[in-house]
Amino acid sequence: MNNSTAPEKSTNEEIIDQLVIKVNALEKREIKLPDYTPNFEDLKKWLADHLPDNLAYPATKIQTQLDEVKTIVESIPKIIPVKHSHYFDPKSKGWIIAGVILLILTAISTGLNAHLWIENNRLQANDIKFRMLRQVYPVQANWAEQHYFNNPDTAENETIRLENEAEERSEAVDIANQKEREAKSAKERLIRLKHH
């Protein structure tokens, strides 16, 4: 066991000897630092020229303020209790009413905008239809436009009257067609009965 510790000891001693030699060499070595005194003097002069006098703040005042801040920080509790009570006081009544009024106005304006948007789309569709009819039936389209511009108040009543007349004509044509089909069916039945 002595043999195994001896080489370790000699290795450790060699390392220590090397360190001692290097430390001694460093102690003998002279390190010359450059002289910055003229630079510091220039900097001091520049600061004196460019900084106002009121920035010279005494260290005693700084220490006093630091002590005051420390006492304030120490007086603040580590845990601040939080109350979770939500209520409306009389001062907030006006804000609540204003908020409700704003919500109502927003709802009304949104509804009005939606209605106007739908109505605008319907009017655009009618405009396109009228322009198409004007291209196919220019005489009738000009008559309708002229009649409306001459007397817009009676134009709606006139339109209703014309729609009623057209509906009556359509019903009369449907009845006549039905009667014609019935007559034709009866005639065919008569011919079949004669042949039997």
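Remember, it's a predicted structure, so these values are computed and weren't measured experimentally.

A. Just the packing of aromatic side chains, in detail. One pass over the full model with this rule turns up 1 aromatic pair. For the ring pair Y148 and F149, a centre distance of 5.9 Å and an interplane angle of 75° mean the geometry is edge-to-face. According to the relative accessible area criterion, Y148 is partly exposed, its value standing at 45%. Looking at F149, the relative accessible area reads 59%, which means it is exposed.

B. Molecular detail of the packing of helix α5 (residues 138-150) against helix α6 (residues 152-195). Between α5 and α6, the shortest axis-to-axis distance is 6 Å and the interhelical angle comes to 135°. By the criterion of interaxial angle, the relationship of α5 to α6 is oblique. Residue-level contacts link W143, H147, Y148, F149 and N150 of α5 to P152, A155, E158 and L162 of α6. When its residues are assigned to classes, the contact of α5 with α6 shows 6 nonpolar, 2 polar and 1 charged.

C. Structural context of the pattern of salt bridges. Counted according to the given criterion, the structure contains 5 salt bridges. A salt bridge links D127 to R131, with the nearest nitrogen and oxygen atoms 3.5 Å apart. Of this pair, D127 and R131 both sit in helix α4 (residues 93-136), 4 residues apart, which is roughly one turn of the helix. Classification of D127 by relative accessible area gives partly exposed; the value is 39%. The exposure class of R131 is partly exposed, given its relative accessible area of 48%. For the salt bridge of R161 with E165, the shortest nitrogen-to-oxygen distance reads 2.4 Å.

What counts as what
- Residues numbered from 1 in each chain as written.
- Predicted model: local features only at pLDDT ≥ 70, side-chain atom pairs only at ≥ 80, totals over all residues.
- Heavy atoms only, no water.
- Phe/Tyr/Trp six-rings, centres within 6.5 Å; stacked < 30°, edge-to-face > 60°.
- Buried < 20%, exposed > 50% of the residue type's maximum accessible area, 1.4 Å probe, protein only.
- Axes fitted to C-alpha atoms, helices over the stretch in contact; angles between N-to-C directions.
- Helix = DSSP H or I, 4+ residues; strand = E, 2+ residues; numbered from the N terminus.
- Parallel < 35°, antiparallel > 145°, perpendicular 65-115°, else oblique.
- Contact = heavy atoms within 4.5 Å.
- Nonpolar A, V, L, I, M, F, W, Y, C, P; charged D, E, K, R; others polar.
- Salt bridge = Lys/Arg side-chain N within 4 Å of Asp/Glu carboxyl O.

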